[in-house]
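# A look at the structure
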Amino acid sequence: MTDEAIPVFADATPRIRRVSVDRPWTWLAAGWRDILAAPGVSLTYGALMVALTYVLLLVLVQSGVFWLVLPLSAGFFFTAPLLAVGLYETSRRLGTGEHVSLGAAFGAYKRNGTQLSYMGVILGLFHLGWIRVATLIFALFFGLGFNPAWENLILRLMAPSAIPFWALGTAVGAVLAALVFAISAISIPMLLDRDVNVFTAVATSFTAVRENWAPMTLWAGLIVVFTGFGLIPLFLGLAVTMPLVGHATWHAYKDIVE
C-alpha cells in the first residue's frame, strides 16, 4: 500500500489508495477470519443463498426452460454483490465490535436502503440484459424452437460443435461482467458504510478499479475462481465461497477507500 490517495472528485473525499498487487490475498485472509469469528451467521447466510438457488432451479425445471440455468448461473456474478450486503454488514460489525446476528445481516438492507435499491435496479438491468443476449445467442446456434429435455441439452452443449456457442457466450458475458465489476466492486460496501448516493459510490468504485487495475484484476479473477468452485458442485460450494468472497470484498473496500 502507498501513502498516496487519489481524490474521486474535486473535494477531499472520498479518496482512493493505491495498493500492491498482492493485496487480494490479504483480503481473502481477512474474510476467512470473519467466517471463523462468526461461523453461524456467515455459513447460514451462505446456505440460505444456496437454498434460494435451488428454489429458482426447481422453478426453471418445472417451467420447462432448464436451459436458462446456464445464463442465470453466469448472471450470478451480476447479482452477487448485492446479495452479499448482509455479509458486508457482518464484517463491519466485527470490525467495530458490535453484536453480529443473522437478523442484523438481513436487516443491513435498511441501511441507506434507497440508494441500495437504486444499485439493485442497475445490477438487475445488467442481469436482464445478459439473459436477453444469452437467449439470442442460444437461438442463433440452436434455433428458436429448440427446447429439449435436460439430458439432450447437456449432450448438445458438450459436443465439439458447441465450441463457437461457448466462445461467443463467454466473450459477451466477460465484457458485461467486467463492467459490472468496475461499478460494483466497491460501491455496494460503500453504500452500506456511508451516507452517499449511488452516483458517488459507482464513481468511487470505477476510480478504485482504474487506479488499482493490477490488484483488482487479480481480485476479479479470484472471485471468478471461487464462485466457479461454488457453482460446480451443484451450487453447494456457494455456502462457503460466497461468505468468503463477501467478507473479503468488505476488506477490499476498507483497504482502498479512504
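Below or above, wherever it landed, is the structure these notes cover. (Residues numbered from 1 in each chain as written. Predicted model: local features only at pLDDT ≥ 70, side-chain atom pairs only at ≥ 80, totals over all residues. Heavy atoms only, no water.)

## A closer look at the environment of Leu 222
Definition in use: Secondary structure is summarised from DSSP: a helix means a run of H or I of at least four residues, a strand means a run of E of at least two, and numbering begins at the N terminus for each. Residue exposure (1.4 Å probe, protein chains only): buried if accessible area is under 20% of the type maximum, exposed if over 50%, otherwise partly exposed. Residue contacts follow a heavy-atom distance rule, with two residues in contact if any of their heavy atoms lie within 4.5 Å.
Among the secondary structure elements, Leu 222 is positioned in helix 12 (residues 213-231). A residue is classified by how much of its surface remains accessible, and Leu 222, at 9% relative accessible area, is buried. Taking the C-alpha atoms as reference points, Leu 222 and Leu 28, 194 residues apart in sequence, are found 9.4 Å from one another. Those residues within four positions of Leu 222 in sequence are excluded, and the remaining contacts are Pro 24, Trp 25 and Leu 28.

## A look at the side chain of Glu 211
This is how it is decided: N or O atoms within 3.5 Å of each other form a polar contact, as long as, within protein, one can give a hydrogen and the other can take it, and as long as residues adjacent in sequence are counted only when both atoms are side-chain atoms.
Checked against the element boundaries, Glu 211 lands in helix 11 (residues 198-211). Engagement of the side chain of Glu 211 in a polar contact is seen with the side chain of Arg 18, the distance being 2.6 Å.

## So, the packing of helix 12 against helix 13 (residues 238-256)
Just so we agree on the cut-off: A fitted line through C-alpha atoms serves as each axis, taken over the contacting stretch for helices, and the angle formed by two N-to-C directions is quoted from 0 to 180°. The scheme is simple: roughly parallel for angles under 35 degrees, roughly antiparallel for over 145, roughly perpendicular for 65 to 115, oblique for anything else. Here a crossing is called left-handed whenever its near helix is offset anticlockwise from the far helix by less than a right angle, and right-handed whenever the offset is clockwise. In this count, Pro and Cys sit with the nonpolar residues alongside Ala, Val, Leu, Ile, Met, Phe, Trp and Tyr, while Asp, Glu, Lys and Arg are called charged and the others, Gly among them, polar.
Helix 13 packs onto helix 12 with a crossing angle of 165 degrees between their chain directions and a minimal axis gap of 8 Å. Comparing the axis directions of helix 12 and helix 13 gives the class roughly antiparallel. Along this stretch, helix 12 crosses helix 13, giving a crossing that reads as left-handed. Only Leu 238, Thr 241, Leu 244, Val 245, Ala 248, Thr 249, Ala 252 and Ile 256 of helix 13 make contact with helix 12, whose side of the interface consists of Met 216, Trp 219, Ile 223, Phe 226, Thr 227, Gly 230 and Leu 231. Here the residues of the contact of helix 12 with helix 13 sort into eleven nonpolar, four polar and no charged.

## Section: the nonpolar core
Heads up, the rule is: Here the nonpolar core consists of buried residues drawn from Ala, Val, Leu, Ile, Met, Phe, Trp, Tyr and Cys, with membership extended through side-chain atoms lying within 4.5 Å.
Residues Trp 27, Val 85, Ile 188, Met 216, Trp 219 and Ile 256 are the most contacted members of the largest nonpolar core, which totals 66 residues. If one sorts the elements of this core by residue count, helix 13 sits on top with ten residues. With sequence-adjacent residues up to four places away left out, Ile 188 is seen in contact with Pro 81, Leu 82, Val 85, Tyr 88, Leu 116, Met 119 and Leu 123.

## Examining the environment of Ile 122
By the secondary structure assignment, Ile 122 is in helix 7 (residues 113-142). For Ile 122, a relative accessible area of 28% corresponds to the partly exposed category. On a C-alpha basis, the gap between Ile 122 and Val 180 in space is 9.2 Å, while along the polypeptide they are 58 residues apart. Every residue in contact with Ile 122, bar those within four places of it in the chain, is listed here: Ile 183 and Val 198.

## What to know about a nonpolar patch on the surface
Inclusion rule: Every patch collects residues that have over 30% relative accessible area and no salt bridge, joining them within 9 Å if they carry like charges and within 5 Å if they are nonpolar side chains (Val, Leu, Ile, Met, Phe, Trp, Tyr). Only the protein chains shown count as covering a residue, and every accessible area follows the Shrake-Rupley method with a 1.4 Å probe. Salt bridge criterion: a side-chain nitrogen from Lys or Arg within 4 Å of a carboxyl oxygen from Asp or Glu.
There is a patch of nonpolar side chains on the surface, built from Trp 32, Leu 36, Leu 43 and Val 240 and spanning about 360 Å² of accessible area. Summarising the element assignment, Leu 36 is placed in helix 1 (residues 23-37). For Leu 36, a relative accessible area of 55% gives the class exposed.

## A look at the pattern of salt bridges
Taken as a whole and judged by the stated rule, the model has twelve salt bridges. Between Arg 23 and Asp 255 there is a salt bridge, and its shortest N-O distance comes to 2.9 Å. Here Arg 23, found in helix 1, pairs with Asp 255, found in helix 13; they are 232 residues apart in sequence, far enough to count as distant. For the salt bridge of Asp 193 with Arg 194, the shortest nitrogen-to-oxygen distance reads 4.0 Å. Taking the relative accessible area as the measure of exposure, Asp 193 reaches 24% and is therefore partly exposed. The network of salt bridges with shared partners includes Glu 89, Arg 92, Arg 93, Glu 98 and Arg 111.

## Describing helix 12
One turn of the α-helix equals 3.6 residues, which is why residues spaced by three or four share an orientation. The following threshold applies: The length a helix should cover is 1.5 Å for every residue beyond the first. The directions considered for the arc are those from the helix axis to the C-beta atoms.
Between its first and last C-alpha atoms helix 12 spans 26 Å; for 19 residues at 1.5 Å apiece the expected length is 27 Å, and the two agree. Listed as buried for helix 12 are Pro 215, Met 216, Trp 219, Leu 222, Ile 223, Thr 227, Gly 230 and Leu 231. Around the axis of helix 12, the buried residues are gathered within 165 degrees of arc, so they sit on the same side. Opposite the buried face of helix 12, at more than 90 degrees from it, the exposed residues are Trp 213, Thr 217 and Phe 229. Tucked inside the fold, the buried residues of helix 12 contact helix 1, helix 3 (69-74), helix 4 (76-83), helix 9 (163-184), helix 11 and helix 13.

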